[in-house]
Amino acid sequence: MNILILGYGKMGKIIGEIAESRGHSIAAKINIDNRSALDTVDTDSIDVAIEFSQPEAAVENIKWAINKGIPVVSGTTGWLDQKPSIDQLTVDKNTAFFYASNYSIGVNIFFKVNQYLAKLMGDQQDYQVSMEEVHHTEKKDAPSGTAITLAEGILQNISSLKGWKLSEEMTEGEQVIPITAKRIDPAPGTHIIRYQSPIDDIEITHTAHSRQGFALGAVLVAEWIKDKKGVLSMDDFLSF
Ligand SMILES: NC(=O)c1ccc[n+]([C@@H]2O[C@H](COP(=O)([O-])OP(=O)(O)OC[C@H]3O[C@@H](n4cnc5c(N)ncnc54)[C@H](O)[C@@H]3O)[C@@H](O)[C@H]2O)c1
């Protein structure tokens, strides 16, 4: 495949290395300072664009590719309020758009464990749920996109909870999931869900040791999405 990398930072570089090691070619590596290279890139030769840039750049990057009919695999977090317009554009242009807040297979297993645990905890009034996420200090959005997906997995299964909030924005007695976001270098990403009661605590944790898992997942999805159409997610890609 010929892959366009939109956002050639920490993630984009690893994605490029993994893609080349799997026999793919890289059409161009686009960053904030060489965006004009998009004007001369041969769009007909591009099979898939992989987009890991920044929250303020993601929508423009994704729209550029979809408007050219190029399938897009996006991992940038912190822009999802605008996803409905991207989904509509994908349908209008008859191409494919894949978004995941986290491309690691381990995290996607963790998402399922989180949903199952929340289902078990739904009727247990004595337990207070909370979440903690830890990332490196360059991360712009908080809470992380992964934390928001985890919170949504809990909310789908515990009807007494009405939403999530960063813990410092909470007021006493709110029926929401408090999320603590810590920024500590060089953490690639840790997520902890806690259910605490006066009797005991239940805690599940996912810790990423490197960015390799996210990058490999994005390349595997790019290989899978190449000839597909529509708005797709990890639930379509994974069989569990
Ligand atoms: N979904 C996942 O699995 C996953 C995993 C890790 C990181 N992320 C997210 O991916 C994004 C990138 O992470 P990173 O660690 O590589 O960040 P980074 O800061 O290292 O890299 C971002 C790159 O985007 C480029 N960029 C900025 N504006 C641009 C524009 N207008 N056009 C093209 N490129 C532009 C920057 O030059 C930079 O090189 C973040 O939003 C992060 O939260 C997602």
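Here the structure is a predicted model, which means the values were calculated and not measured. (Residues numbered from 1 in each chain as written. Predicted model: local features only at pLDDT ≥ 70, side-chain atom pairs only at ≥ 80, totals over all residues. Heavy atoms only, no water.)

### So, helix H3 (residues 83–92)
Link 1 in the chain: For H3, the complete set of buried residues consists of Lys83, Ile86, Asp87, Leu89 and Thr90. Considered in projection along H3, the buried side chains sweep an arc of 165° and stay on one side of the axis. Relative to its buried face, H3 has exposed residues pointing more than 90 degrees away, namely Pro84, Val91 and Asp92.
Link 2 in the chain: Phi for Asn94, located one or two positions after H3, is positive at around 55°. (Buried < 20%, exposed > 50% of the residue type's maximum accessible area, 1.4 Å probe, protein only. Helix = DSSP H or I, 4+ residues; strand = E, 2+ residues; numbered from the N terminus. Arc of directions from axis to C-beta.)

### Some thoughts on the UniProt feature "domain: Dihydrodipicolinate reductase C-terminal" (unreviewed entry) in the chain
Link 1 in the chain: Cross-referencing UniProt, the feature "domain: Dihydrodipicolinate reductase C-terminal" (unreviewed entry) maps to residues 106–238 in the present numbering.
Link 2 in the chain: Annotated as 34% helix and 28% strand, the span residues 106–238 places its first and last C-alpha atoms 12 Å apart. (UniProt positions renumbered as here; feature names shortened; annotations may be inferred.)

### Here's the deal with the environment of Tyr195
Link 1 in the chain: As for its position among the elements, Tyr195 is in strand E9 (residues 190–196).
Link 2 in the chain: Judged by its relative accessible area of 1%, Tyr195 falls in the buried class.
Link 3 in the chain: Separated by 67 residues in the primary sequence, Tyr195 and Gln128 place their C-alpha atoms 5.3 Å from one another.

### Some points on the site of the ligand
Link 1 in the chain: Near the ligand, the surroundings consist of 23 residues, among which Lys10, Met11, Asn31, Gln54 and Thr77 are the closest.
Link 2 in the chain: A distance of 3.2 Å is found between a nitrogen atom of the ligand and a side-chain nitrogen or oxygen belonging to Arg35.
Link 3 in the chain: Measuring from a nitrogen atom of the ligand, one finds a backbone N or O atom of Ser101 at 3.0 Å.
Link 4 in the chain: Isolated, the ligand exposes 860 Å² of accessible area, and the fraction of that covered by the protein chains is 86%.
Link 5 in the chain: Breaking the shell around the ligand down by element, the ones donating at least two residues are helix H1 (10–21) and helix H2 (55–67).
Link 6 in the chain: When the residues that make up the shell around the ligand are grouped by side-chain class, the tally is nine nonpolar, 11 polar and three charged. (Near = heavy atom within 4 Å. Polar contact = N/O pair within 3.5 Å; in protein donor to acceptor, adjacent residues only side chain to side chain. Areas by Shrake-Rupley, 256 points an atom, 1.4 Å probe, with all protein chains shown as cover. Nonpolar A, V, L, I, M, F, W, Y, C, P; charged D, E, K, R; others polar.)

### Some thoughts on the domain arrangement of the chain
Link 1 in the chain: Partitioning the chain into structural domains gives domain 1 (2–103 + 212–237) and domain 2 (105–207).
Link 2 in the chain: Each of domain 1 and domain 2 has a C-alpha centre, and these two points are 28 Å apart.
Link 3 in the chain: Contact with domain 1, which involves 12 residues of that partner, is made by 14 residues of domain 2.
Link 4 in the chain: Taken as a group, Lys10, Ser101 and Asn102 account for 40% of the area that domain 1 buries against domain 2, more than any other trio of residues on that side.
Link 5 in the chain: Joining domain 1 to domain 2, the criterion identifies three salt bridges.
Link 6 in the chain: The salt bridge partner of Lys10 is Glu138, with a shortest N-O separation of 2.5 Å.
Link 7 in the chain: For the side of domain 1 that touches domain 2, the secondary-structure elements that each account for two or more residues are H2 and helix H7 (234–237). (Domains from an automatic or database assignment. Contact = heavy atoms within 4.5 Å. Buried area = accessible area lost by both parts, 1.4 Å probe. Salt bridge = Lys/Arg side-chain N within 4 Å of Asp/Glu carboxyl O.)

### Overview of the sheet that holds strand E6 (residues 128–135)
Two orientations exist for strands paired in a sheet by backbone hydrogen bonds: parallel and antiparallel.
Link 1 in the chain: As summarised here, the arrangement of the five strands in space is E7-E8-E6-E9-E10, forming an open sheet in which the pairing is mixed. At either margin of the open sheet sits one strand with a lone partner, and together these are strand E7 (163–166) and strand E10 (201–207). Ignoring which end each strand starts from, the neighbouring axes of this sheet average 20° apart.
Link 2 in the chain: Inspection of the sheet shows E7 paired to strand E8 (residues 176–183) by four bridges, in the parallel sense. (Pairing = 2+ DSSP bridges. Axes fitted to C-alpha atoms, helices over the stretch in contact; angles between N-to-C directions.)

### So, the packing of aromatic side chains
Link 1 in the chain: Summed over all chains, the structure comprises six aromatic pairs.
Link 2 in the chain: On the basis of an interplanar angle of 85° and a centroid distance of 5.6 Å, the ring pair of Trp79 and Tyr99 is categorised as edge-to-face. In this pair, Trp79 sits in the loop between strand E4 (72–74) and H3 while Tyr99 sits in strand E5 (residues 96–99), placing the two residues 20 residues apart along the sequence.
Link 3 in the chain: Residue Trp79 is classed as buried on the basis of its relative accessible area, which comes to 0%.
Link 4 in the chain: Residues Phe98 and Tyr103 carry aromatic rings whose centres are separated by 5.9 Å and whose planes lie at 35° to one another, so their mutual orientation is tilted. (Phe/Tyr/Trp six-rings, centres within 6.5 Å; stacked < 30°, edge-to-face > 60°.)

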